[in-house]
Amino acid sequence: MNDYELLDSGNGAKLERFGDLVLARPCAQAVWQPQYSKRWKSADATFDREDGHHWHGRNRLPKEWIINVDGTKFRLSGTDFGHLGIFPEQRAQWAWIKDTVRTAKAKGRDTIRVLNLFAYSGGSTLASAIGGAEVCHVDASKGMVQWARGNAETNGLAAHPIRWIVDDVHKFMNRELRRGRSYDGIILDPPTYGRGGNGETYKIERDLTETLRLCRNLLSDNPLFLLLSAHTPGHTPIVLENILTQALHGLGGTFSAGEMCLTGAPEVFKLPSGAYVRWQR
């Protein structure tokens, strides 16, 4: 079942369906003309960043609603910044995570520990848990960790071994190293710029190299994978692959990189929405 669909894009915006609701939101990558101009009239609400951040028709949105994306449920809500609590361009990554964990367990791997950094509302945490891994979910926002925990409960994963951590990513990773902990899989989607609860700042161009150094040191002796994605302009698939190749030098394995895209019906233009690189042992 899939309650998400890209309906159209263009003129710096995207038109998407989330369950029964159709929303139009800004999208800088959509520099072409819309393919289906009439579809935009069906939008239940629109969001723009002109003179601040504004929802138009927000009264037509429920405070919260649930959608099913490829068998996983997500609780959505229209935030003041236009986000809804899901990044559907990660769908292919979530499928890959589930498949990678399940395949390893089918081959006799008993316990698989996955670390999800900058974990937002938990799409990759859910994918890891559904696949059968133990998960550590880390985000600096207490509200987002609570949102992710709610998503886990909605998917029947309340009792699953998931550690919910509200903390600065680097501080937490350094503590894990001092504790001697390690992980078989690591997932990270660092922000272009982020701020922690205690005033810490994260800038991807300044801090990503250190983040990946810590990731390498936290990988177990028999690691499965590392998945890095980014939504930062200029951080193309090749850029991410080069960065990760240097960070994991000497580990062997294989790398694959590409664009993350929002998708709809076959005739609808794909909408590039970031890049990813995967390393697999």
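Structure shown above.
We now turn to the structure provided with this report. (Residues numbered from 1 in each chain as written. Predicted model: local features only at pLDDT ≥ 70, side-chain atom pairs only at ≥ 80, totals over all residues. Heavy atoms only, no water.)

Remark on secondary structure: sheet strands pair via backbone hydrogen bonds, oriented parallel or antiparallel. Taken together, five strands build an open sheet; the order of strands is 1-2-3-4-5 and the sheet is mixed. At either margin of the open sheet sits one strand with a lone partner, and together these are strand 1 (4–10) and strand 5 (54–56). When the angles between neighbouring strand axes are averaged without regard to direction, this sheet yields 20 degrees. Bridge count between strand 4 (residues 45–48) and strand 5: three bridges; the pairing is antiparallel. Bridged to Phe47 within strand 5 is Trp55. (Pairing = 2+ DSSP bridges. Helix = DSSP H or I, 4+ residues; strand = E, 2+ residues; numbered from the N terminus. Axes fitted to C-alpha atoms, helices over the stretch in contact; angles between N-to-C directions.)

Let us now look at the pairing of strand 3 (residues 21–26). Most of strand 3 is tucked away, with five of its six residues classed as buried. Bridge analysis of strand 2 (residues 13–18) against strand 3 gives six bridges, and the strand direction is antiparallel. By the bridge assignment, Lys14 is partnered in strand 3 with Arg25. Pairing of strand 3 with strand 4, which is carried by two bridges, proceeds in the parallel orientation. Each bridged residue has a counterpart across the sheet, and for Ala24 the counterpart in strand 4 is Thr46. (Buried < 20%, exposed > 50% of the residue type's maximum accessible area, 1.4 Å probe, protein only.)

Between its terminal C-alpha atoms helix 1 (residues 91–106) stretches 22 Å, which fits the 22 Å expected from 16 residues at 1.5 Å a residue. Those residues of helix 1 that sit buried are Arg91, Gln93, Trp94, Trp96, Ile97, Lys98, Thr100, Val101 and Ala104. (Expected span 1.5 Å × (residues − 1).)

This next bit is on the state of the cysteines. Inspection of the entire model under this criterion finds zero disulfides. Of all cysteine sulfurs, the one in Cys261 lies closest to Cys27, which takes part in no disulfide; the gap is 11 Å. (Disulfide = S-S within 2.5 Å.)

With that settled, consider the pairing of strand 10 (residues 162–166). In the case of a regular strand, side chains alternate between the two sheet surfaces. With five bridges joining them, strand 9 (residues 134–139) and strand 10 adopt parallel strand pairing. Residue Val135 lies in a different strand from strand 10, and its bridge partner there is Ile162. For the segment spanning strand 9, helix 3 (residues 142–154) and strand 10, crossover handedness is right-handed. (Right-handed = clockwise from strand over helix to strand, strands pointing away.)

In this section: unusual backbone geometry. Phi at Phe118 is positive, roughly 50 degrees, even though this residue is not glycine. Assignment of secondary structure puts Phe118 in the loop between strand 8 (113–117) and helix 2 (123–131). The backbone phi angle of Tyr120 is positive, close to 55 degrees, even though this residue is not glycine. With respect to the helices, strands and loops of the structure, Tyr120 is situated in the loop between strand 8 and helix 2.

Here His235 is to be found in the loop between strand 14 (225–230) and helix 6 (237–247). Apart from residues lying up to four places away in sequence, His235 is in contact with Ile204, Ala230, Leu240 and Ala275. (Contact = heavy atoms within 4.5 Å.)

If you walk through the whole model with that rule in mind, you get seven aromatic pairs. Considering the side-chain rings of Phe87 and Tyr120, the 4.9 Å spacing of their centres and the 40 degrees angle between planes classify their relative orientation as tilted. Note that Phe87 is positioned in the loop between strand 7 (72–76) and helix 1 and Tyr120 in the loop between strand 8 and helix 2, a separation of 33 residues in sequence. Among the residues examined, Phe87 registers a relative accessible area of 25% and is labelled partly exposed. A cation over a ring is seen here: Arg39 above Tyr36, with NZ or CZ 3.9 Å from the ring centre. (Phe/Tyr/Trp six-rings, centres within 6.5 Å; stacked < 30°, edge-to-face > 60°. Lys NZ or Arg CZ within 6 Å of the ring centre and 35° of its normal.)

On to the sheet that holds strand 15 (residues 254–262). Taken together, seven strands build an open sheet; the order of strands is 10-9-8-11-14-16-15 and the sheet is mixed. For this open sheet the edge positions go to strand 10 and strand 15, each flanked by a neighbour on one side alone. The average angle at which neighbouring strand axes cross in this sheet is 15 degrees, direction not considered. Direction of pairing for strand 14 relative to strand 16 (residues 271–280): antiparallel, over a ladder of six bridges. Of the residues in strand 16, the one forming a bridge with Ser229 is Tyr276. In the packing of helix 4 (residues 169–179) onto the sheet, contacts are made with strand 8, strand 9 and strand 10, and the angle to strand 10 comes to roughly 130 degrees.

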